[in-house]
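Analysis of the macromolecular model
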Amino acid sequence: LLSKIYLNPKANPSHRLRTMLAMHAMFGLNSRTLLRLMRDKDETLRGWAIQCALENKKATQPILDQLVKMAKADDSKFARLYLASALQRLPLSQRWPLAEALIAHEADKDDHNLPLLYWYGIEPLVPADKTRALKLAAKSKIPLIRQYIARRSTTK
């Protein structure tokens, strides 16, 4: 019954979100449902689907692929906020593609929160692989990220 509400794009957005979160709290949402919600037209549902998918700090390959796809193509800063938060929950080895996609958004350079959230997810990558991190900095459209990667790569 709950899934009929949160999967219905014509239902009230607040009701959709509440039922989705209730379903997640009671039974969890499977990967297939989360992937579907990550493609929803409502940015709030997309964001919370990301949150739910990475609550246990583990992601399947289809989820990882969808996160990167969203980071490249989603115009919603709200969704990118959740993607930045997700970046911090992933193992270091899985962060690189998502980080690269997020820092390609020049529109985020003047945002109050996004560049720093991106940085918090990227920072542990720098000492792990300085060469790769410097290549990431070169691709960044966000000056703050370039500056922080350069600064962090010179420390021990």
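As for the nonpolar core
Ranked by size, the top nonpolar core spans 46 residues in total, and within it Leu 67, Leu 98, Tyr 118, Ile 122 and Ile 149 carry the most contacts. Looking at this core, the element that brings in the most residues is helix H5 (residues 61-73), giving 6 residues. The contacts of Tyr 118, once residues within four sequence positions are left out, are Arg 80, Ala 84, Leu 87, Leu 102, Ile 103, Asp 108, Ile 142 and Ile 145.

Focus on unusual backbone geometry
One non-glycine residue, Lys 57, adopts positive backbone phi at about 60°. Tracing the backbone through its elements, the reader meets Lys 57 in the loop between helix H4 (43-53) and H5. For Lys 57, a relative accessible area of 53% puts it in the exposed group.

As for the environment of Asp 129
Inspection of the secondary structure assignment puts Asp 129 in the loop between helix H9 (125-128) and helix H10 (130-139). By relative accessible area, Asp 129 is classed as partly exposed at 31%. The spacing of Asp 129 and Ser 153 is 24 residues in sequence and 9.1 Å in space, taken between C-alpha atoms.

Considerations on the environment of Lys 135
Structurally, Lys 135 can be placed in helix H10. By relative accessible area, Lys 135 is classed as exposed at 55%. Separated by 19 residues in the primary sequence, Lys 135 and Thr 154 place their C-alpha atoms 14 Å from one another.

Examining the side chain of Thr 33
Secondary-structure assignment places Thr 33 in helix H3 (residues 31-38). For Thr 33, the residues in contact, after removing those within four places along its chain, are Tyr 6 and Leu 7.

Remarks on the pattern of salt bridges
Counted under the stated rule, the structure contains 7 salt bridges. Of the charged contacts in the structure, one is a salt bridge between Arg 46 and Asp 74, with a shortest N-O distance of 2.8 Å. Here Arg 46, found in helix H4, pairs with Asp 74, found in the loop between H5 and helix H6 (77-89); they are 28 residues apart in sequence, far enough to count as distant. Residue classification places Arg 46 among the buried positions, given a relative accessible area of 9%. On the basis of relative accessible area, Asp 74 is assigned to the buried category, the value being 10%.

Regarding H5
Here H5 spans 18 Å end to end across 13 residues, near enough to the 18 Å set by a 1.5 Å rise per residue. Along H5, the residues that are buried comprise Ile 63, Leu 64, Gln 66, Leu 67, Val 68, Met 70 and Ala 71. Taken together, the buried residues of H5 touch H3, H4, H6 and helix H7 (92-102).

So, how was this worked out
Residues numbered from 1 in each chain as written. Predicted model: local features only at pLDDT ≥ 70, side-chain atom pairs only at ≥ 80, totals over all residues. Heavy atoms only, no water. Core = buried A, V, L, I, M, F, W, Y, C linked by side-chain atoms within 4.5 Å. Buried < 20%, exposed > 50% of the residue type's maximum accessible area, 1.4 Å probe, protein only. Helix = DSSP H or I, 4+ residues; strand = E, 2+ residues; numbered from the N terminus. Contact = heavy atoms within 4.5 Å. Salt bridge = Lys/Arg side-chain N within 4 Å of Asp/Glu carboxyl O. Expected span 1.5 Å × (residues − 1).

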